[in-house]
Each structure stands twice: as C-alpha cells, then as structure tokens.
Amino acid sequence: MADIRNGQTTGAEQSGYDLRRRNVPAQEGANGSTTKPSESEDTKKAKKIGLSNIVTWDEAHFGKFGSHYLKREFYFDVHPPLGKMLVGLSGYMAGYNGSFEFKSGETYPAELNYTFMRLFNSTFGALCVPVAYYTARELNLRRPAVWLVTLMVLFENSYATISRFILLDSMLLFFTFTTTLCWARFHSLRKQSFTPEWFLWLLLCGINIGCVCSVKWVGLFCTALVGLYTIEDLWNKFGDLDMPKVELASHLAARVVGLIVIPMLWTGDAQMSSLFQANLRGTEVGKDSPLEIAYGSRATLKNMGYGGGLLHSHVQTYPEGSQQQQVTCYHHKDANNDWFFYPNRSLPLYDPEAPISFVADKDVLRLIHSQTGRNLHSHAVSAPVTKGDYEVSSYGNTTVGDEKDHWTVEVISDTASRDRSKIRTLTTAFRLRHTSLGCYLRAGNVNLPQWGFKQIEVTCVKENKPRDVYTHWNVESHWNERLPAANAHSYRSPFLRDFMHLNVAMMTSNNALVPDPDKQDDLASQFWQWPLLHVGLRMCGWDDHIVKYFLLGNPLVYWGSTLSLFAFSGLVAWYAVRWQRGYEPLKWAEVEHIHYAGLYPLAGWVLHYLPFVAMARVTYVHHYYPALYFAILVMGFVVDWVTRPLARRAKGVEWAVYGVLYIGVVGLFWLFRAVVFGMQGSNQQWRHLKWFEKWRIAD
C-alpha cells in the first residue's frame, strides 16, 4: 500500500463506488469496515492523475519498455533509450518488479503504483513552465510577454494532458525546452567568451542536446537549430578580421567539444544483428551452436540490413505470380525460419553417414525449408510488390526441382577470422547469388500486403551491389549433432559497430511506420490539421464507465501562435521592403532582437514541423507539440513587438491587451479542463466542447 501522506495510490480495486472512482486507497476500520482516509493537499492532487486505473493509450508501449529494463531484458524499439530508462526508473522507485504486461485497456494490478509512475512523468511537464519563463527572459522579451509565454505553456491543455501519463512526450518537451534555454543563455553570454559561465552553458547545451536526442529522434530537429546558430556564429567570427586566429580556433574547438563530443558521450533484439544478440547475457542466440556450417546443418539465416529479420517460409502461397509457397523475412522466431544446407543437384544426394563436408565460399548449394521440405527458389517472375525484382518462393522438394533451386555462396567478411573459405555461425557475412538468374537474395524494408501477414518481402534483386547490406546474410542459429559446440569467445562483436547498427536500425524502423492502407486509423492525423487545431485524439475507449481523456490544445494558444507565424513573416517582409526603399532603418539592437528572439524560434518551428510534411510514416497530433513551443515563442515576440509603442504612449492600453490574452488563455484552459483531468460518465455531458466535427469529444 502506498504512503497516504505522499499522495501515491496503487490503483488497487477498493470496495465502494466512490473509492474505485477516485482511485484513493482504502483503510480498514476497527470493525473490518472500509473507511475513506483523510486527504492532504498532495493526495488531492495525486488522485486526479491516478483517476483512470487502466492502461491508457501509449502507456501500453512505454510502460512495457520500462518493464524490460527492470527485468534486464534486451528489446528493440524505434526510440532511443533515455526516456524508456527513465520510465524504468520511475517503476523502480515505485517498487514495481516489471511483471505487468501493460496491455492496452487492462486494469492496473494492486501491486503496481502506476500513480507514482505518472507523477514522475508529470514532473517533466511541470518543469517546462519555469524553463519557458527563463527562456523568454533570455530572449529579452519584456515582462508582460514573458508572462504570456509562461501562461501559454502552463495552460496549454495538450501539454497538461500528455504529461499525465507514462509516456515519453513530457520528457521530450522538457529537454526541448532546456536545450532552447541553454542556447538562449549561451547567446546572451556571447560577449563573455571563455568565462566559466560561458563554458558552463555551452556544456549544458551539449548535455541537453544529448538528452533530447536520446528520448526521441525528433530531438535531432532541436539539434539542427543549435547547429544553424553555431554555423552562423562561427561564420561571423571567421569574417571578423580583427579576431586572432588562435581565438577563432579556440571558439571552434570549444563548440566541437561542447556541441558534438559531449552529446555523443551522453547519448526487440530480433531487429539487431545476430552477433549483437549473441553477446547479450542470457541469450539463446549462438548458444551451443557449432561454429562452422556443414552440409546437412539446420540453421536460421538473418538478414543483416538495418531492422532485418529471419528468412522465413510458410504453407501459404502467393495469390498471384507463380502462386508457389511464400518466402518472407520474419522478426519473430519459430520453426518456419529453419533451413537445411544441401548439396546442389549435380552432386550426390546428401548422406548423413558420409564424412562431414563443410560449406565454403563459392559453393553452389540448395536451401531446404525444414517444415515443408521445399527448396528456396527464384525464377523470372516479378516480385509481388517490388516489380523490378524477381519473385522468391519455396518449390519442389529434396528430389523434385531444377537448377533454379541453386544458390552460390559469396562471402563478404568475417568478424572473427581472416579465413573466408568457410561459413561460420554468426560471424560470417555472405550473399546468395541465384546461380541461374544471377540475381541476389534481398530483404529490404518493404512489407507484403495482408495476404503475406505484413511480413518483409524477399526478392531476388538484379543489380549487383556488394555494399547493399540488405543482400547480406549470416547464420544466426545452427544445429548439427555431428559437430561440437563452439566456444563462446568465438562470437565477439565490435562495440562501435553494434552502437551504429542499433541507432541506424531505430531510425530505419521509425521511418518504416507507414500508414496501413488495409486499416483505418481513427487516431492518425495529417500535418496540416495540427496548427489549425482541426483534430484531437481519443486516448482511450469512450464507454460511459471509462474515464476519458482527449488530446486537444488550447484554442487561443494554437490559433494565436499559428497566426503569429504569418504575422512575424509579414513583419520581416515589411521591414525588408522599408530598408530596400531607403526608409529610416531599424537600430542594430532591434535587428539583433528580431533575428535571435523571433527568427530563430521561427526556424525552430520550421525544423520541427516541415519534416512531418515530407515524412511517409503515420503521424498523430502529439508530433506537433515540440513545434508548438517554438510557435508560442514567436507569438510572445510578436505581441511584445507590436505592443512596445503602447508601453511608451498608452500603458493602460498595453495592459488591457495583455489582460485579454491572459484571461483568454486561462479561461479556455478552464473551459476545456475536463479533457485534461478526465471525463467521467456519459460523453454527452461535454457536447458543448465539440466545436468542430473532428473534435470527437462527444459522439
């Protein structure tokens, strides 16, 4: 049972409707009856976060990832590890042992203090508010504008909602905010180069770059913003002929260390290379496997491309083309991944009693599917999806077939030996060239339609590209009773290569999350809908007995910040035209203010928004949240700039303008507070909040 004084509830089912509804732990009275505990202020705050005791939205993913860390299990995911490690830390601090599966919509068990884990995540969201305040100050916005930016972050409904669950987004936002603050503070200290404080903020900027990139790949866009600033800053220094070359070199070296070296230092297993898996503690990969492959050996073949799977076949056939048995790549391990190495048809049949013969480089052989007995086969028939390649199928059996069952082994490399004459388990990379057609066995990142169970398409590619890693294969698991097991030290894997492979595999898999044309994803949305607040997102089921949450932004924050993007662009164009026509120019300090307090936040918005315009992967409303922050900063600048003349001439009018904005931001947050803190009962109670058809708050 959680400590009542700390306001941490476990989510256990309690007797009494009121206790279940509010998710507050019960206490047993002297007569055995259930009584409601006294509530401190902390408990009142905590109970709202624990109000829904079911696994909500992407908690099903990230809670499970935290469980893997607690159980010390390797797994593969498209996101970098820092955020998921922090989720694991929150579970560890809550006394969670990692045993819950986090199935979507499932009720949290009594022993899992999910409320504490949510509170842990919400801390990152709460800390965004003071960071936004100090960032606005460092951008030299006046006090009313600083308060406006702070209130827009504090009372942004979508930020408040998404920070209340076991997700990565509050951490991503926090490190995006802190990176921006460090950049702004470092810029403010540009005239105090090489002072201890200057070095401190440079290093903090580098550390936060490493953190934001280690939570989600979106952090690279924030890194790009700092990179643009650094390039411009160094270019200006390079053009300063009065600056000594030693000082210029020192500036360059400081930024290389602070913004490149420091972030790099800071920063499921079937997706990873076989050799990587073999070096994991407790793994079955490579365990008791013989080292060298012999004819008659049974083995699994792993594609060495980023995110590659295991060569696979099953009894289902292609619905078109040859209509022979399908061959795919599959990321999960089962018996349909097993293949036998057999001699080609010009040689005598394999005899298990004959002397052992090892598979060698340039051997022509057959691969027999262990479950169906069919040969790995290719022919001059177009592949089902990649029409420019040949189809690969399973055909015939050990006695029925032809020369199109033959594949030539071409060894590429061996990490454990300079002897490339043999094929070794895990360490040897090789290609399989179709002996008759001259094409190469390949498994890219193309998924088959539903009839192929969405598995990876395997083709025979006509182009000979030795560097194409998707044509590289290795033996992952190997069974042969006639051969001794290899020494575990035979499977050492270079760390740097594993590190690079893991990160590229995550990025590749992330970009491969494309919309499924066979399914309708009611949660997905388009990039153009986000700045207009055209759509929201239901985070859970919408039945009356479920506490419902709806991801929707504050209308004034969204629409005001979007309008400000256009207003700022018009402002810059206006001053550019005036300057071109010879009107009184702005003071240099004003140009600098527009440049760094307005143009760079606009660049931050562009860098965080435009990639989703071109991105093929499926997208959701929360992908806009980092970009929204930079739009908020632009709005703060625009309002500050436009009201500056009022500060000198009509102070009362200025405060009236800000007062309307303050009241509007807070008032709209309060109006839509139910979507943040949870809607109980019939959704028809909130029909008045459904301003547009896409705001599916009420049915």
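Since the model is a prediction, treat every value here as computed from it, not as a measurement.

(A) Inspection of the packing of aromatic side chains at higher detail. Counted by the stated rule, this structure contains 52 aromatic pairs. Aromatic pair Trp530 and Tyr624: ring centres 6.3 Å apart, planes at 45°, arrangement tilted. Taken together, the positions of Trp530 in the loop between α13 (495–511) and β15 (537–538) and Tyr624 in the loop between α15 (588–614) and α16 (625–649) put the pair 94 residues apart, joining distant regions of the chain. By the burial criterion, Trp530 is buried, and Tyr624 matches it. A ring pair is formed by Tyr609 and Tyr624, whose centres lie 5.7 Å apart and whose planes are at 85°; its orientation type is edge-to-face. Of this pair, Tyr609 sits in helix α15 while Tyr624 sits in the loop between α15 and α16; the two residues are 15 residues apart in sequence, bridging distant segments of the chain. Per residue, the accessibility class of Tyr609 equals that of Tyr624, and both read buried. Taken together, the aromatic side chains of Phe221, Phe527, Trp530, Tyr558, Trp605, Tyr609, Phe612 and Tyr624 make up a single cluster linked through ring pairs. Above the face of the Phe358 ring, Lys422 is positioned so that its terminal group lies 4.6 Å from the ring centre.

(B) Broad picture of the pattern of salt bridges. Evaluation of the coordinates by the stated rule reveals 24 salt bridges. For Asp640, the salt bridge goes to Arg644, with nearest N and O atoms at 3.0 Å. Residue Asp640 and its partner Arg644 are located together in helix α16, separated by four residues, close to a single helical turn. The class for Arg644 is partly exposed, based on a relative accessible area of 25%. Taken together, the shared-partner salt bridges in this structure form one network comprising Arg142, Asp640, Arg644, Lys651 and Glu654.

(C) Spotlight on the packing of helix α14 (residues 555–580) against α16. At a minimum axis separation of 8 Å, α14 and α16 run at an interaxial angle of 55°. By the criterion of interaxial angle, the relationship of α14 to α16 is oblique. The interaxial crossing formed by α14 with α16 has left-handed handedness. Contacts from Val557, Tyr558, Gly560, Ser561, Ser564, Leu565, Ala567, Phe568, Leu571 and Tyr575 of α14 reach α16 at Tyr625, Leu628, Ala631, Ile632, Val634, Met635, Phe637, Val638 and Trp641. When the residues that make up the contact of α14 with α16 are grouped by side-chain class, the tally is 16 nonpolar, three polar and no charged.

(D) Region of interest: the side chain of His377. Mapped onto the secondary structure, His377 falls in strand β8 (residues 375–382). For His377, a relative accessible area of 3% translates into the label buried. A distance of 3.2 Å separates a polar atom in the side chain of His377 from a polar atom in the side chain of His379. Within the structure, the side chain of His377 is placed 2.6 Å from the side chain of Asp405, a separation counted as a polar contact. With near-sequence residues (within four places) excluded, His377 lies in contact with Gln324, Glu391, Val392, Ser393, Tyr395, Asp402, Lys404, Asp405 and Trp407.

(E) Representation of the environment of Gly105 in the model. Mapped onto the fold, Gly105 is located in the loop between α4 (82–93) and α5 (114–138). Each C-alpha atom of the pair Gly105 and Thr56 lies 6.2 Å from the other, and the pair is 49 residues apart in sequence. Sequence-distant contacts of Gly105, that is, excluding residues within four places in its chain, are made with Ile54 and Val55.

(F) Structural detail: the packing of helix α6 (residues 143–154) against α16. Interaxial distance between α6 and α16 falls to 9 Å at its minimum, and their mutual angle equals 150°. Considered as vectors, α6 and α16 are oriented roughly antiparallel to each other. Our pair here, α6 against α16, has a crossing hand that is right-handed. In this structure, α6 uses Ala145, Leu148, Val149, Met152 and Val153 to contact α16, whose residues at the interface are Tyr629, Ile632, Leu633, Met635, Gly636, Val639 and Asp640. Tallied by class, residues from the contact of α6 with α16 come to 10 nonpolar, one polar and one charged.

Parameters and conventions
- Residues numbered from 1 in each chain as written.
- Predicted model: local features only at pLDDT ≥ 70, side-chain atom pairs only at ≥ 80, totals over all residues.
- Heavy atoms only, no water.
- Phe/Tyr/Trp six-rings, centres within 6.5 Å; stacked < 30°, edge-to-face > 60°.
- Helix = DSSP H or I, 4+ residues; strand = E, 2+ residues; numbered from the N terminus.
- Buried < 20%, exposed > 50% of the residue type's maximum accessible area, 1.4 Å probe, protein only.
- Lys NZ or Arg CZ within 6 Å of the ring centre and 35° of its normal.
- Salt bridge = Lys/Arg side-chain N within 4 Å of Asp/Glu carboxyl O.
- Axes fitted to C-alpha atoms, helices over the stretch in contact; angles between N-to-C directions.
- Parallel < 35°, antiparallel > 145°, perpendicular 65-115°, else oblique.
- Left-handed = near helix turned anticlockwise from the far one by under 90°.
- Contact = heavy atoms within 4.5 Å.
- Nonpolar A, V, L, I, M, F, W, Y, C, P; charged D, E, K, R; others polar.
- Polar contact = N/O pair within 3.5 Å; in protein donor to acceptor, adjacent residues only side chain to side chain.

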